[in-house]
Amino acid sequence: MSLKCGIVGLPNVGKSTLFNALTSAKALAANYPFATKEPNIGIITVPDARLDKLAELVSPQKVLPTTIEIVDIAGLIKGASKGEGLGNQFLANIREVNSIVHVVRCFEDDNVVHVDGSVDPVRDKEIIDTELLLKDLETVEKRLEKFKKQAKSGNKDDVRMVEYCEQIKAHLEGGNTARSIDLIEEGMDILNEMMLLTNKPILYVCNVDEASVHEGNTHTKRFCEAVADENAEVIFISAGIEADIAELESKEERMEFLEDMGLKEPGVNKLIMACYKLLKLITYFTAGEKEVRAWTIMEGTHAPQAAGVIHTDFEKGFIRAEVIAYQNFIQFGSEQAVKEAGKMGVEGKDYVVQDGDVMHFRFNV
């Protein structure tokens, strides 16, 4: 899959530290604005306990998890929509990702300067929202001007396009994001075609100090109240803790560290799974003696297209899919036992793959 999550935020909120912990890519993390100028791209393994469980039962030669791409985008400042700082580059990079992970600083530390002089995650969020909205308004106004010219001919379709654009423009001018607008299907088609920055799904990450990683603090409370109406997920992560975990060599050391911190899993695991959900991705598995492997597809994908993720020939010559629900595989312990219990499904081209399906494709080319 080529879908990407982009990590955004003001300078010095912990984006690059978090990115390094996610990818161990060692992107430059420094205590001054614009430490990140070019977007860093990382391929991140998606943690999935189901894959480990299947591997225990099958004992394959290889175990291959699925991955997603994360992009660390340069920090933004006021005036970015007019080209201030690295504004144009920042906004262009956001346009290329499919969803946004917005990191806000929710910790006090005199040794880490804040670009605006004080810690206020609500203000920081509003700065970025404003810049994205201004850029979106610019895009909508250009499209509106085009439709108005076309509508002079009296074409009813063009007149409707003008109405939709004016509706979208008024919504943005009210300080609302494009993803919060309610339009009929034709209007949504126009909205999606414009690829507006504020129409991308969003996840908020509150970067907190170690003491606040469980329950949050006064900054996170204010922030959660501010975004309560957005229907967006908010998670708390300490980028400092995640950086320390990433430095540990063995799984045993990491588990011991987590236990000492009172954590069940690294915060980056929560973040990765939240990104996966944000992109509306699901996982299906293939399981055999050579390998047990996780594959990424979009929600609602049909069996032939899911097969095509493995190889285009699988989709072209698709005959059928043999499907075992994950829970059935675990319950009976093997593919053969599932077959004997009559729990294997044989599905055709119209089958919509479910998260966790264990699949075997029959094809002919």
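Since the structure is predicted, the reported quantities are computational estimates derived from the model, not experimental observations. Sequence order as written defines residue numbering, which begins from 1 separately in each chain. Local features in this predicted model are restricted to residues whose pLDDT is 70 or higher, and side-chain atom pairs enter the listing and the counts only when it is 80 or higher, whereas totals over whole chains, interfaces and linings include all residues. Working from all heavy atoms in the structure, the side-chain values ignore hydrogens and water.

A. Structural view of the pattern of salt bridges. One side-chain nitrogen of Lys or Arg within 4 Å of one carboxyl oxygen of Asp or Glu is enough to make a salt bridge. Scanning the entire structure with this criterion turns up 20 salt bridges. Ionic pairing is found between Arg50 and Asp48, a salt bridge with its closest N-O pair at 2.9 Å. Throughout this description, buried means an accessible area under 20% of the type-specific maximum (1.4 Å probe, protein chains only), exposed means over 50%, and partly exposed covers the range between. Residue Asp48 is classed as buried on the basis of its relative accessible area of 15%. A salt bridge links Lys135 to Glu138, with the shortest nitrogen-to-oxygen separation between them at 3.4 Å. Residue Lys135 and its partner Glu138 are both found in helix H4 (residues 121-151); the two are separated by 3 residues, about one turn of the helix. Judged by relative accessible area, Glu138 falls into the partly exposed class, the value being 28%. Secondary structure follows DSSP: runs of H or I at least 4 residues long count as helices, runs of E at least 2 residues long count as strands, and numbering of each begins at the N terminus.

B. Spatial organisation of the state of the cysteines. Defined by distance alone, a disulfide is two cysteine sulfur atoms within 2.5 Å. Per the counting criterion, the structure on display carries 0 disulfides. The thiol sulfur of Cys224 is not disulfide-bonded, and the nearest other cysteine sulfur, from Cys206, lies at 5.4 Å. Its relative accessible area of 29% is what places Cys224 among the partly exposed residues. Note on Cys275: no disulfide assigned, nearest cysteine sulfur contributed by Cys5 at a separation of 3.8 Å. By relative accessible area, Cys275 is classed as buried at 1%.

C. Structural detail: the packing of aromatic side chains. Two aromatic rings from Phe, Tyr or Trp, using only the six-membered ring of Trp, form a pair when their centres are within 6.5 Å; if the ring planes differ by under 30 degrees the pair is stacked, by over 60 it is edge-to-face, and anything between is tilted. Here the structure, examined in full by the defined rule, presents 5 aromatic pairs. Taking the centre distance of 5.9 Å and the plane angle of 85° together, the rings of Tyr284 and Phe361 count as edge-to-face. Separated by 77 residues along the polypeptide, Tyr284 in strand S8 (residues 281-287) and Phe361 in strand S12 (residues 358-363) bring together distant segments of the chain. Relative accessible area serves as the criterion here: at 7%, Phe361 is assigned to the buried category. Here Phe285 and Tyr326 contribute two aromatic rings whose centre-to-centre distance is 6.5 Å and whose plane-to-plane angle is 40°, an arrangement assigned as tilted. Taken together, the positions of Phe285 in strand S8 and Tyr326 in helix H13 (residues 326-332) put the pair 41 residues apart, joining distant regions of the chain. Its relative accessible area of 13% is what places Tyr326 among the buried residues. Among the aromatic side chains, those forming a connected cluster through ring pairs are Tyr284, Phe318 and Phe361. Here the basic side chain of Arg105 rests over the ring of Phe107, its NZ or CZ set 4.4 Å away from the ring centre. Charge-over-ring placement is defined geometrically: NZ (Lys) or CZ (Arg) within 6 Å of the ring centre, and within 35 degrees of the ring normal.

D. The arrangement of the pairing of strand S9 (residues 291-298) in detail. The criterion for strand pairing is that DSSP finds at least two bridges linking the strands in question. Where strand S3 (residues 62-64) meets S9, 3 bridges bridge the pair, whose relative direction is parallel. If you follow Val63 over to S9, its bridge partner there is Val292. In terms of strand pairing, S8 meets S9 through 7 bridges, oriented antiparallel. By the bridge assignment for S9, Leu281 is matched with Met298. Between the end of S8 and the start of S9, which pair antiparallel, lie 3 residues.

E. Structural context of the packing of helix H8 (residues 239-247) against helix H9 (residues 251-261). The axes are straight lines fitted to the C-alpha atoms, using for helices just the contacting stretch, and the angles between their N-to-C directions are given from 0 to 180°. Following both chains from N to C, one finds H8 and H9 inclined at 155°, their axes separated by 9 Å at the closest point. Between H8 and H9, the interaxial angle falls into the category roughly antiparallel. Classified by chirality, the crossing of H9 by H8 is right-handed. Note on element contacts: H9 touches H8 through Arg254, Phe257, Leu258 and Met261, opposite Ile241, Asp244, Ile245 and Ala246. Partitioning the contact of H8 with H9 into residue classes produces 6 nonpolar, no polar and 2 charged. Roughly parallel covers angles under 35 degrees, roughly antiparallel covers those over 145, roughly perpendicular covers 65 to 115, and oblique covers all other angles. A clockwise turn of the near helix away from the far one marks a right-handed crossing, whereas an anticlockwise turn of less than a right angle marks a left-handed crossing. Contact between two residues is taken to exist if any of their heavy atoms lie within 4.5 Å; hydrogens are not considered. In this count, Pro and Cys sit with the nonpolar residues alongside Ala, Val, Leu, Ile, Met, Phe, Trp and Tyr, while Asp, Glu, Lys and Arg are called charged and the others, Gly among them, polar.

F. Structural context of unusual backbone geometry. Despite not being glycine, Met195 has its phi angle at roughly 50°, a positive value. Residue position: Met195 is located in the loop between helix H6 (185-193) and strand S6 (202-207). The partly exposed category is assigned to Met195, whose relative accessible area is 46%. Positive phi, normally seen in glycine, also occurs at Lys280, with a value near 60°. Mapping Lys280 onto the fold places it in the loop between helix H10 (267-278) and S8. Judged by relative accessible area, which is 52%, Lys280 ranks as exposed.

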